[in-house]
Amino acid sequence: FLNNAVNVTNSQTYMDTYLSDDLLLGRGNGTIATADGQNNISWISSDIGRLIDDRWVFYGVMLFNNTHSESLSLLNNSIGLSKNTAGNEPQYIWLLE
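Residues numbered from 1 in each chain as written. Predicted model: local features only at pLDDT ≥ 70, side-chain atom pairs only at ≥ 80, totals over all residues. Heavy atoms only, no water.

Novice: Can you help me understand the pairing of strand β4 (residues 55-64) in this one?
Specialist: Residues in a regular strand project their side chains so that they alternate between the two faces of the sheet. Note: strand β3 (residues 40-52) against β4, ten bridges, orientation antiparallel. Across the sheet, the residue bridging to Arg50 is Val57, located in β4. Where β3 folds back on β4, the antiparallel hairpin that results is connected by two residues, among which Asp53 adopts a positive phi of roughly 50 degrees. Pairing of β4 with strand β5 (residues 79-85), which is carried by seven bridges, proceeds in the antiparallel orientation. Paired with Met62 across the bridge in β5 is Gly80. (Pairing = 2+ DSSP bridges. Helix = DSSP H or I, 4+ residues; strand = E, 2+ residues; numbered from the N terminus.)

Take a look at the structure:
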C-alpha cells in the first residue's frame with residue numbers, strides 16, 4: 001500500500017556486489033504501478049545490505065522520476081529512504097520533504 005490508500009506493485013531489479021560475507025552494495029531500478037496497471041512511476045536506488053540473523057536487510061536511497069498519474073503524484077521527483085528484508089516481508093519507503 002502506498003500512503004495507506006493506494007494498492008501498488010513494485011517491480012524491481014537489483015545488481016548486488018559482495019563487499020564481504022555479510023555486506024552487499026546494491027544498485028537497482030524499477031517501477032511502481034497501481035493495481036489496475038494504468039498508472040506508474042519509475043525509480044532508481046542505491047542500497048547497502050547486511051546479513052542479520054541469516055536474512056539480508058537492505059537500507060537504501062531512492063530517486064523517483066516524474067509521473068502524470070494523479071494517484072502517484074506525491075512521488076514526483078522525490079527522494080525516499082527504504083528498508084527491505086529478503087523474503088516475503090513488506091518494503092518500507094519514507095519520503096523526504
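Novice: Before we go on, may I ask you to explain unusual backbone geometry in this structure?
Specialist: Most of the time, phi is negative for any residue but glycine, and the peptide bond is trans. With phi around 50 degrees, Asp53 is a residue other than glycine that occupies positive phi space. With respect to the secondary-structure elements, Asp53 resides in the loop between β3 and β4. Even without a glycine there, the phi angle at Asp54 is positive, about 65 degrees. Within the secondary structure, Asp54 is located in the loop between β3 and β4.

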